[in-house]
Amino acid sequence: MHEFKYKNNQFYCESVRVQKLAERFGTPLYVYSYHTLISHFLKLGQAFKKINPLICYSVKANSNLALLRALVKKGAGLDIVSGGELFRALKAGCSPKKIVYASVGKTEKEIEYAIRKGILFFNVESLPELESINGIARRLHKTANVAIRINPDVEPKTHKYITTGKLTNKFGIDLRSARQILLMRGAFTNIRIAGLHIHIGSQITESSPYVEAIRKVVAFIGNLKKERLFLEYLNIGGGLGIIYDKETPQTAKRFARKVLPLLEKTKLKIIMEPGRFIAGNSGILATKVLYVKNTSKKKFVIVDAAMNDLIRPALYGAYHNILTLEAENKVKDKVDIVGPICESGDFFAKDRLLPRVKEGDYIAVMGAGAYGFSMSSNYNSRRRVAEVMVVKDKVFVIRKRESCEDLIRNELVPSFLSGR
Ligand code: LLP
C-alpha cells in the first residue's frame, strides 16, 4: 500500500497534487510520501512484534538524510556498506549501537572509522577481513564486535545481479569455513564474535528461500551450542520484494508467520535489514514529456528523466509502472518511454500501453523510492535531480537540484593547460 493515488483524475502524493510539485520544483523530480515510508517500517515491526527485532533500514536503498532521519526517529537502526554511509547514518542521528556494517571490501580507513564510532557490529565476509579488523582493533586498543556473514547457498529466485546467497556469489562465508573461524575465535584477540548474518538477495517475493536459509543457519547455531559456543545476534538481512508489476510478494505478516517460529527457537536477538520494502513504494520519479516521436517502427515518448536518474530498467531490465499525472486519456498507445541520453539502454519502458500523452504532459515512474536516486549519476553531465518529501499537505525539499557548478566542483585543470 502506498499514498500515491488518483483523486478526481489528478494524481496525488498524500494530499498534494503531484503536477503542482512538478511545476513548482521542475522535473525530473523525486517525490516521496513520508507516511508510506513510515508505515512500511512500522508494518514490519508490528509483524515481528513478538521478538522485537532491531530493524536496520538498508541505507543504500535511499540514503537521503531526511529519509534516514525520519526512520531513525521512529526507532530504526541502519545497515551500512561504506564509510560514506556511516557518515550519513551518524549525521542522521542514528546511535552507533544501532548500526551494522556489511561489505566484502571494507578498507582499513573505513574499519577504523567504524571501530572508533563504536558501531554495533561488522558483518564480516571473509577470513582476511576478520584478520584485518582484528589488527586494526588491536592497534586502537579496542574490541570490535562482528557477525559472521554466512553464505547459505540458497537460490533466492530473483535477478542474477541481486542474488547474493549462492556459493558462486562473492558474499559471505560458507558454513564449513564459518565453523572453523568460530572454533578458532580465541586467535582473534580483539574481536568478539557476537552473531551470524545472512542476506541472500534482493526483491525476493517468496518466503521459501528465507525459510531454507534460516533453517540452515538455525541448525548451524544448534551445532555450535553443542560445542559450547554461544552467540547473541542473528541478522537475517533484507531482500523482501515489493510490487512493481504483477508480483504477489509476501506481506510482512505472511513473512513473519513463516519465519518467526524458526527465529524464536534461536532465542537470539534478531536484526533485519530491509531497504526496498521500506523505501521502494514510498517514492516516484516525476518527469515531463519533451517530445513524442513517431518512426516507421515505433512511437517514442521522450521524457526529461533518463537512465542516470533511475538506472534500474537499463541495468536489470526492471519493470516500473508508469502513470500519467493528469486524468487518464482513454486512448492508449503502445510506446517506448525513453530519456535524452545517447544510449539505447536509456529507457523506462518498452512497448508499453500508455494513455496518449503530448508534449508538456507529466508522467510518474512508480516504485522509484529504492535504488532510484541512490544509484543516480551525472552521466552526460546531467545534474542530479531534486527530491521532495510530502507529509500530508506539506512539502519539504530534501535535496536541491544540482547546479552546473556542482558538476565541476571537484575538477581541476592543471596549470600547464592554462593560458592560450
Ligand atoms: N543487507 C545487505 C547486506 C544488502 O546487500 C542489501 C542490498 C540489503 C540488506 C537490502 O536489500 P533490500 O531489502 O533492499 O532488498 N540495486 C538493486 C538492489 C541491490 C541490493 C543490494 N543489497 C535494485 O535496484 O534492485
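Rules behind the numbers
Residues numbered from 1 in each chain as written. Predicted model: local features only at pLDDT ≥ 70, side-chain atom pairs only at ≥ 80, totals over all residues. Heavy atoms only, no water. Near = heavy atom within 4 Å. Polar contact = N/O pair within 3.5 Å; in protein donor to acceptor, adjacent residues only side chain to side chain. Areas by Shrake-Rupley, 256 points an atom, 1.4 Å probe, with all protein chains shown as cover. Domains from an automatic or database assignment. Buried area = accessible area lost by both parts, 1.4 Å probe. Helix = DSSP H or I, 4+ residues; strand = E, 2+ residues; numbered from the N terminus. Contact = heavy atoms within 4.5 Å. Patch = residues over 30% accessible without salt bridge, like charges linked within 9 Å, V, L, I, M, F, W, Y side chains within 5 Å. Salt bridge = Lys/Arg side-chain N within 4 Å of Asp/Glu carboxyl O. Expected span 1.5 Å × (residues − 1). Buried < 20%, exposed > 50% of the residue type's maximum accessible area, 1.4 Å probe, protein only. Pairing = 2+ DSSP bridges. Phe/Tyr/Trp six-rings, centres within 6.5 Å; stacked < 30°, edge-to-face > 60°.

1. Considering the site of the ligand
Taken together, 20 residues lie near the ligand, and Ser-202, Glu-273, Arg-312, Tyr-316 and Tyr-371 sit nearest. For the ligand, an oxygen atom lies 2.4 Å from a polar atom in the side chain of Ser-202. When the ligand is considered free in solution it has 590 Å² of accessible area, and contact with the protein chains removes 92% of it. Each of two domains, domain 1 (4-31 + 280-408) and domain 2 (103-272), supplies a minimum of three residues to the shell around the ligand.

2. Describing the domain arrangement of the chain
You'll often see interface size given as the accessible area lost when the parts meet. Annotation of the chain at the domain level lists domain 1 (4-31 + 280-408) and domain 2 (103-272). For domain 1 versus domain 2, the separation of C-alpha centres amounts to 36 Å. Counting the surface lost from both domain 1 and domain 2, the interface buries some 750 Å², and carbon and sulfur atoms represent 57% of this. By the criterion of area lost to domain 2, the three top residues of domain 1 are Asn-281, Tyr-316 and Tyr-319, representing 58% of everything that side buries.

3. Overview of the environment of Pro-28
Tracing the chain through its elements places Pro-28 in the loop between helix H1 (18-25) and strand E4 (29-33). Sequence separation of Pro-28 and Asp-309 is 281 residues, and the distance between their C-alpha atoms is 8.1 Å. In this structure, Pro-28 is in contact with Leu-285, Ala-286, Asp-304, Ala-305, Asp-309, Arg-382, Val-385, Ala-386 and Arg-401, ignoring residues within four places of it in sequence.

4. Describing a nonpolar patch on the surface
A contiguous nonpolar patch, built from Val-413, Phe-416 and Leu-417 and spanning about 380 Å² of accessible area, is present on the exposed surface. The residue Val-413 is located in the segment after helix H12 (404-408) in this model.

5. So, helix H8 (residues 208-226)
Counted at 1.5 Å a residue, the expected span for H8 with its 19 residues is 27 Å, and the 27 Å between its end C-alpha atoms agrees. Listed as buried for H8 are Pro-209, Tyr-210, Val-211, Ala-213, Ile-214, Val-217, Val-218, Phe-220, Ile-221 and Leu-224. Looking at the buried positions of H8, the neighbouring elements they touch are helix H7 (175-183), strand E10 (191-197), strand E11 (233-235) and helix H9 (252-266). Following H8 by one or two positions, Arg-228 has its phi on the positive side, about 55°.

6. A word on the pairing of strand E2 (residues 10-13)
Going residue by residue along E2, you find Gln-10 and Tyr-12 tucked away on one face and Phe-11 and Cys-13 tucked away on the opposite face as well. With four bridges joining them, strand E1 (residues 4-7) and E2 adopt antiparallel strand pairing. For Lys-5, the partnering residue across the bridge sits in E2 and is Tyr-12. Linking E1 to E2, which pair antiparallel, is a turn of two residues; within it Asn-8 sits at a positive phi near 50°. In the sheet, E2 pairs with strand E3 (residues 16-17) via two bridges, with the strands oriented antiparallel. By the bridge assignment for E3, Tyr-12 is matched with Arg-17. Two successive antiparallel strands, E2 and E3, enclose a turn made up of two residues, where Glu-14 displays a positive phi of approximately 50°.

7. Quick look at the packing of aromatic side chains
Two aromatic rings are characterised by how far apart their centres lie and by the angle between their planes. A full pass over the atoms with the stated rule returns nine aromatic pairs. Where Phe-48 meets Phe-255, the ring centres are 5.6 Å apart and the plane angle is 65°; that geometry is what we call edge-to-face. Here Phe-48, found in the loop between helix H2 (34-47) and strand E5 (54-58), pairs with Phe-255, found in helix H9; they are 207 residues apart in sequence, far enough to count as distant. Across the pair, Phe-255 and Phe-48 agree in class, each one buried.

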